[in-house]
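Given next are the chains, with one letter for each unit.
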Amino acid sequence: MTDIYVYNTETRAKQKFEPIDAKNIRMYVCGVTVYDYAHIGNARPYTVFDLLYRLLRHVYGTEHVTYARNITDIEDKIMQRAADEGVGIKTITSRYTKIFKEDMQSLGSLDPDLEPKATEHLPQMIKMMRDLIEKGHAYVADGHVMFHVPSMENYGRLSRHSRDELVAGARVEVASFKKDPADFVLWKPSTDDQVGWNSPWGRGRPGWHLECSCMVEEHLGTEIDIHAGGQDLIFPHHENEIAQSECTHGKQFVRYWMHNGYLTVDGVKMSKSLGNFYTIRELLEQHGGEAMRLSLLTAHYRQPVDFSHDNAVEQKKRLDRWYRLVDGVAPASEVPSSVINALSDDLNTPKALAALDALATSETAASLKAGAQFMGLLMQSSDEWFKGGLGESIDVDEVEGLIEDRLKARQNKDFSESDRIRDRLAEMGVLLEDGPSGTSWRKAD
Ligand SMILES: [Zn+2]
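Residues numbered from 1 in each chain as written. Predicted model: local features only at pLDDT ≥ 70, side-chain atom pairs only at ≥ 80, totals over all residues. Heavy atoms only, no water.

### What about the domain arrangement of the protein chain?
The assigned domain composition of the protein chain is domain 1 (5–260), domain 2 (264–387) and domain 3 (396–443). The C-alpha-based centres of domain 2 and domain 3 are spaced at 33 Å. (Domains from an automatic or database assignment.)

Structural data, given as structure tokens:
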């Protein structure tokens, strides 16, 4: 059996993956909050950890792996959006849940086995809070239920934050009724016009951290193999999930914590104010799912990945090359070991993609196809790829050369030749416009 190695954030070390039960491997990835189109940074964890899911299924058997990715459908941003549009929160959450799932499919990620929704786990949340209060880890104050951080001896071990950092992280929840400044919210009261559920502590709504702890327990159990997400979730979200789950159940919650690095755009942090903010949807329309997937996998998942249009175009050309080679070729029955070995080494995707490049020859095209398909690439026929308009990108040098040849033909009054070149360009999807200052061209719609 192939050994899988993963970098565990908790131990800060690459470790051999030893499942709790090889016949029942459980992984959980924190899902999105469904209040708007997801941005390209959101796509990264669901693309890289999809590869982990594929790898685990390959090594342990499809039926022995369960992957849960939740939908966060209670959150203040959702309530704000619903209020702005004058609709109920269900309208907002079902719209953006559908869009998110379509985006993930376009990016070539497999559907998780389970997609639990926070709103369907209120009884579990109330039960966990009751347990935590009973065990002295939580208290009720001013309509809130608060987790009491000093009640947990090793709180902060995942992020390794200092006491000052822990307090600073909880500053958004500064309140006079907190027993300790690092205490965090499990439940908060809702006003009459806000979404809320009845609880023993009054009408209110859960904190985000509590939602994940309860969905993990309900669907995967009290101890799981892998919990993953973006590195921005290490603190406070994952730290607080550990606190809630371990103080409730009295045992280690997660064996391996995995976190992906940030995504930048053209070398800088993506932000709406910088004008470099992209939704997954708009980039899919521009570059297509496979080129986007490949772009996201070019960097190792723990490193930052930089998105640029130039890189997406480069990756599309790489796919063009591969698609030309595998045209009419059936995939090999075995996934190449070079691909499996690279991914088994803490999801080393740059190495796995280099392995695919090494297989990009006419003799090894069947292995190339098998390896690429394992990674969710080359999923179309070459015919579909090149006809779909998302394949072969226009070669600017070739276009300009042909336009020059056509000009020469016209100067020589060789109109049949100039027409022939115009037709050739049209076939390539290039439209010519002759004007007083010469010929310009554009890509046909
Ligand atoms: Zn979570």
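### Considering the coordination of the zinc ion
For the zinc ion, the full set of protein donor atoms is Cys30 (SG), Cys212 (SG), His237 (NE2) and Glu241 (OE), at a range of 2.1 to 2.7 Å. Coordination at the zinc ion is irregular, judged from the four donor atoms that bind it and the angles of 73 to 133 degrees they form at the metal. (Donors = N, O, S within 2.8 Å, 3.2 Å for Na, K, Ca; no water. Tetrahedral: all angles 85-135°; square planar, octahedral: opposite > 155°, others 65-115°.)

### Structural notes on the packing of helix α1 (residues 40–60) against helix α11 (residues 337–344)
α11 packs onto α1 with a crossing angle of 115 degrees between their chain directions and a minimal axis gap of 11 Å. Of the two elements, α1 crosses α11, and the hand of that crossing is left-handed. In contact with Leu51, Leu55 and His58 of α1, α11 contributes Ile340, Leu343 and Ser344. (Axes fitted to C-alpha atoms, helices over the stretch in contact; angles between N-to-C directions. Helix = DSSP H or I, 4+ residues; strand = E, 2+ residues; numbered from the N terminus. Left-handed = near helix turned anticlockwise from the far one by under 90°. Contact = heavy atoms within 4.5 Å.)

### A word on unusual backbone geometry
Of note, the bond from phenylalanine 235 into proline 236 is cis; its omega dihedral lies within 30 degrees of zero at 5 degrees. When you line up the elements, proline 236 lands in helix α7 (residues 234–249).

### Remarks on the packing of aromatic side chains
Scanning all chains against the criterion turns up eleven aromatic pairs. An aromatic cluster of at least three residues, connected via ring pairs, comprises Phe17, Tyr60 and Tyr256. Geometry around tyrosine 46 places arginine 69 over its ring, the cationic atom sitting 5.5 Å from the centre. (Phe/Tyr/Trp six-rings, centres within 6.5 Å; stacked < 30°, edge-to-face > 60°. Lys NZ or Arg CZ within 6 Å of the ring centre and 35° of its normal.)

### With respect to the nonpolar core
One finds Phe49, Leu56 and Met375 to be the most contacted residues of the largest nonpolar core, which totals 79 residues. Split by domain, the residues of this core number at least three in each of domain 1 (5–260) and domain 2 (264–387). Leave out the neighbours within four places in its chain, and phenylalanine 49 touches Met27, Val29, Ala228, Gly229, Met258, His259, Asn260, Tyr301 and Leu347. Core analysis: the second largest hydrophobic core is formed by 40 residues, Met125, Ala138, Leu210 and Met215 among them. (Core = buried A, V, L, I, M, F, W, Y, C linked by side-chain atoms within 4.5 Å. Buried < 20%, exposed > 50% of the residue type's maximum accessible area, 1.4 Å probe, protein only.)

### Considerations on the environment of aspartate 193
Along the chain, aspartate 193 falls in the loop between β7 (184–189) and β8 (204–206). The exposure class of aspartate 193 is exposed, given its relative accessible area of 71%. For the pair formed by aspartate 193 and serine 271, sequence separation is 78 residues and the distance between their alpha carbons is 31 Å. A polar contact is formed between the side chain of aspartate 193 and the side chain of threonine 191, at a distance of 2.6 Å. (Polar contact = N/O pair within 3.5 Å; in protein donor to acceptor, adjacent residues only side chain to side chain.)

### Re the sheet that holds strand β12 (residues 268–269)
Strand pairing within a sheet occurs via backbone hydrogen bonds; the two strands may be parallel or antiparallel. Spatial strand order, β12-β11-β13: three strands in an open sheet with mixed pairing. Of all strands in the sheet, those with a lone pairing partner are β12 and β13 (305–307), marking the two edges. One ladder, built from three bridges, connects strand β11 (residues 263–265) with β13; its direction is parallel. Following the sheet pairing, threonine 264 is matched in β13 by aspartate 306. (Pairing = 2+ DSSP bridges.)

### Structural notes on the state of the cysteines
What is meant by a disulfide is a covalent connection between two cysteines, made through their sulfur atoms. The tally for this structure, following the rule as stated, stands at zero disulfides. Cysteine cysteine 214 is unpaired, with the sulfur of cysteine 212 as its nearest cysteine sulfur at 9.5 Å. Assessed through its relative accessible area of 1%, cysteine 214 is described here as buried. In this structure cysteine 247 is a free cysteine whose sulfur lies 14 Å from that of cysteine 214, the closest cysteine sulfur available. For cysteine 247, a relative accessible area of 10% gives the class buried. (Disulfide = S-S within 2.5 Å.)

### Looking at the pattern of salt bridges
In total, this model carries 24 salt bridges according to the counting rule given. Glutamate 246 serves as the salt-bridge partner of arginine 157, at 2.9 Å between the closest nitrogen and oxygen. Of this pair, arginine 157 sits in the loop between β6 (144–147) and α5 (163–169) while glutamate 246 is found in helix α7, placing the two residues 89 residues apart along the sequence. Linked through salt bridges whose partners overlap, the residues forming this network are Asp36, Arg81, Glu85 and Arg95. (Salt bridge = Lys/Arg side-chain N within 4 Å of Asp/Glu carboxyl O.)

### Details of helix α12 (residues 349–358)
Among the residues of α12, those classed as buried are Thr349, Ala352, Leu353, Ala355 and Leu356. Looking straight down α12, one finds that the buried residues subtend no more than 150 degrees of arc, so they occupy a single side. Those residues of α12 that are buried are in contact with α1, α9 (289–297), α10 (309–326), α11 and α13 (365–374). (Arc of directions from axis to C-beta.)

### Overview of a negative patch on the surface
A contiguous patch of negative charge on the surface is contributed by Asp266, Asp306, Asp310 and Glu314. Here aspartate 310 is to be found in helix α10. Residue classification places aspartate 310 among the exposed residues on the basis of a relative accessible area of 62%. (Patch = residues over 30% accessible without salt bridge, like charges linked within 9 Å, V, L, I, M, F, W, Y side chains within 5 Å. Areas by Shrake-Rupley, 256 points an atom, 1.4 Å probe, with all protein chains shown as cover. Lys, Arg positive; Asp, Glu negative; His and termini not counted. Charge placed at Lys NZ, Arg CZ, Asp CG, Glu CD.)

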